[in-house]
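Observations on the model geometry
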Amino acid sequence: MPARAFTASGSEAPFAAASPAPAYAFYPTPQAMGEHIGAEEYRRALEHSNAAARPLSLYVHLPFCQQACFHCTRRPVTTSDTRLAEAYLSRLDREMVLTGRHLDAGREIRALQWGGGTPTFLTLDQMGDLIDRLDARFRLAGDRDREYLIEIDPREADVFTLRHLEALGFNRLSLEVLDLDPEVQQAINRQQGRDLTEQLLDEADRLGFTSVNLNLILGLPRQTRDGFAATLEQVIAMAPSRLSLFHYHHQPERFPRQRRIRPEDLPAPQEVQGMLQAAIERLAAAGYVHLGHDRFVRGDDRLAQALEAGRERHDLVGLGVMAVSRLEALHVRNPQRLEAYEAALDRGQLPTAGGHRLSLDDRLRSAAIEQLTCDLHLDLASLGDAFGLDATAHLAEPLSRLALAEGEGLVERHGQRLLVTSAGRLVVRQLASAFDAYLPAPSPRQASPTS
Ligand code: SF4
């Protein structure tokens, strides 16, 4: 499939921060994965990864939420009955057993993440039981330097939840704040007072959690520059160690809940870009360092900066519905639908629903995307050395499209080095998507300078 083309000539469409571009947690993205990779290939990749002895991380997906937010893209199961999670947890345990059979029992899990949905939808007993099962099936690290992260909806956690999580071994939190403006919260069906987040931050500090990340989202309905600036001031006053600024993309045809959002309530792309620009400047003034991607860390969070600088390649095993695993050159994904996930496990099979074996070209593009989005520059010479080829020649087509971005002041080319400018930081994902060979070409209307 041809990669997406850029246009210049003053059009904001290709580079606008509010225009959809993948987050690139994986390249190719899960949407680009085919269905031809099955459980047998996954089993072989797990066994092969033992010999390579790379660090091993686990991701556990918990899909339940009490209430549906209209902007959500995660397809959660909404219920207030925590007993419904029991059947899921037992399937999850079956998946752990089937997966663990192929992994060397001596491989220590130094990084664990629970995401969702809302992981704290589970009762305290269910959370404790899940950690016990993980510990029984895998070798969870016991030292303080491990990185155990849980995503938290502040509406569904309190100080007792945090104490319990700390006792279970979690040492990092990611709290969904999104926006503190009541108008915006009403438009996305999510009422969440500032005090909920403050209480959790205070308790996390007291308990000695090593980092707390707050997630905000730009581009939500009824968001305004003034309103978002007020949210940011309140968040800066809470002094979290890390902050993420994500973008809302309105795709009601893909995510039916978004049909509850009125298109006329959405801020214009220029407004979103203005909010992002102002946020980057305000966060810099408040002492936050922009790490690239959507991430910011407080200047004194040296650990986060060191970890970012020393990114290491590790194998990732994803467990649960919608989870994705990455084992060097093989990515596999579990089913999107809960029924399909549960049916595979009830047949005693790993629930692999597809995946992608990365070619050399995929790996090169993946490295280019990672370097550009995380480091805000791309060194083509060292990239080529790492892959034993001429990266400038191999990536000539995406580089020629980025030349258009150079004309718009978003990147600078200095020989073999490509630098993202301060204006380009606002659209770094869109710039990185030049290297994505799986994105569909834009329709003529999208590509039009006047669109
Ligand atoms: S709490 Fe999070 S996962 Fe659940 S519906 Fe809201 S945004 Fe989606």
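Each value, and the rule that gives it
- Residues numbered from 1 in each chain as written.
- Predicted model: local features only at pLDDT ≥ 70, side-chain atom pairs only at ≥ 80, totals over all residues.
- Heavy atoms only, no water.
- Helix = DSSP H or I, 4+ residues; strand = E, 2+ residues; numbered from the N terminus.
- Rg over C-alpha atoms; globule rule 2.2 N^0.38 Å.
- Buried < 20%, exposed > 50% of the residue type's maximum accessible area, 1.4 Å probe, protein only.
- Contact = heavy atoms within 4.5 Å.
- Areas by Shrake-Rupley, 256 points an atom, 1.4 Å probe, with all protein chains shown as cover.
- Lys, Arg positive; Asp, Glu negative; His and termini not counted.
- Charge placed at Lys NZ, Arg CZ, Asp CG, Glu CD.
- Domains from an automatic or database assignment.
- Buried area = accessible area lost by both parts, 1.4 Å probe.
- Salt bridge = Lys/Arg side-chain N within 4 Å of Asp/Glu carboxyl O.
- Polar contact = N/O pair within 3.5 Å; in protein donor to acceptor, adjacent residues only side chain to side chain.

Concerning the overall build of the protein
- The helix and strand inventory of the protein stands at 17 helices and 18 strands.
- For the protein, the C-alpha radius of gyration of 22 Å lies close to 22 Å, the compact-globule estimate for 451 residues.
- Its C-alpha atoms put the protein at 60 × 50 × 40 Å along the principal axes.
- Across the 451 residues in the protein, those meeting the buried criterion constitute 55%.
- The contacts of the protein with a sequence gap of at least 6 include a subset with a gap of at least 24, amounting to 76%.
- Carbon together with sulfur atoms contributes 50% to the accessible area of the protein, which is approximately 19300 Å² in total.
- For the protein, the centre of its 50 positive side-chain charges and the centre of its 61 negative side-chain charges are spaced 3 Å apart.

Here we look at the domain arrangement of the protein
- Partitioning the protein into domains gives domain 1 (30–309) and domain 2 (360–447).
- In total, about 990 Å² of surface goes out of reach between domain 1 and domain 2, with carbon and sulfur atoms giving 55% of it.
- Counting the surface domain 1 buries against domain 2, the share from its top three residues, Gln273, His290 and His293, is 40%.
- For the pair domain 1 and domain 2, the interface holds 1 salt bridge.
- Residue Asp294 is joined to Arg429 by a salt bridge in which the shortest nitrogen-to-oxygen separation is 2.5 Å.

Looking at the side chain of His356
- If you trace the backbone, His356 turns up in strand S15 (residues 354–357).
- A residue is classified by how much of its surface remains accessible, and His356, at 11% relative accessible area, is buried.
- A polar contact of 2.8 Å, which involves the side chain of His356, links it to the side chain of Asp362.

Some words on the side chain of Thr373
- Here Thr373 lies in helix H11 (residues 360–375).
- A polar contact of 3.4 Å, which involves the side chain of Thr373, links it to the backbone oxygen of Glu370.
- If we ignore the near neighbours within four places in the chain, the residues touching Thr373 are Gly292, His293, Val428 and Ala432.

A look at the pattern of salt bridges
- Summed over all chains, the structure comprises 34 salt bridges.
- A salt bridge links Arg54 to Asp315; the nearest nitrogen and oxygen atoms lie 2.9 Å apart. Here Arg54 is found in the loop between helix H1 (39–52) and strand S1 (56–62), whereas its partner Asp315 is found in strand S12 (residues 315–319), with 261 residues between them in sequence.
- Residue classification places Arg54 among the buried residues on the basis of a relative accessible area of 17%.
- For Asp315, a relative accessible area of 1% gives the class buried.
- Taking the shortest distance from any N to any O, the salt bridge between Asp93 and Arg137 comes out at 3.0 Å. Here Asp93 is found in helix H2 (residues 85–100), whereas its partner Arg137 is found in helix H3 (residues 124–137), with 44 residues between them in sequence.

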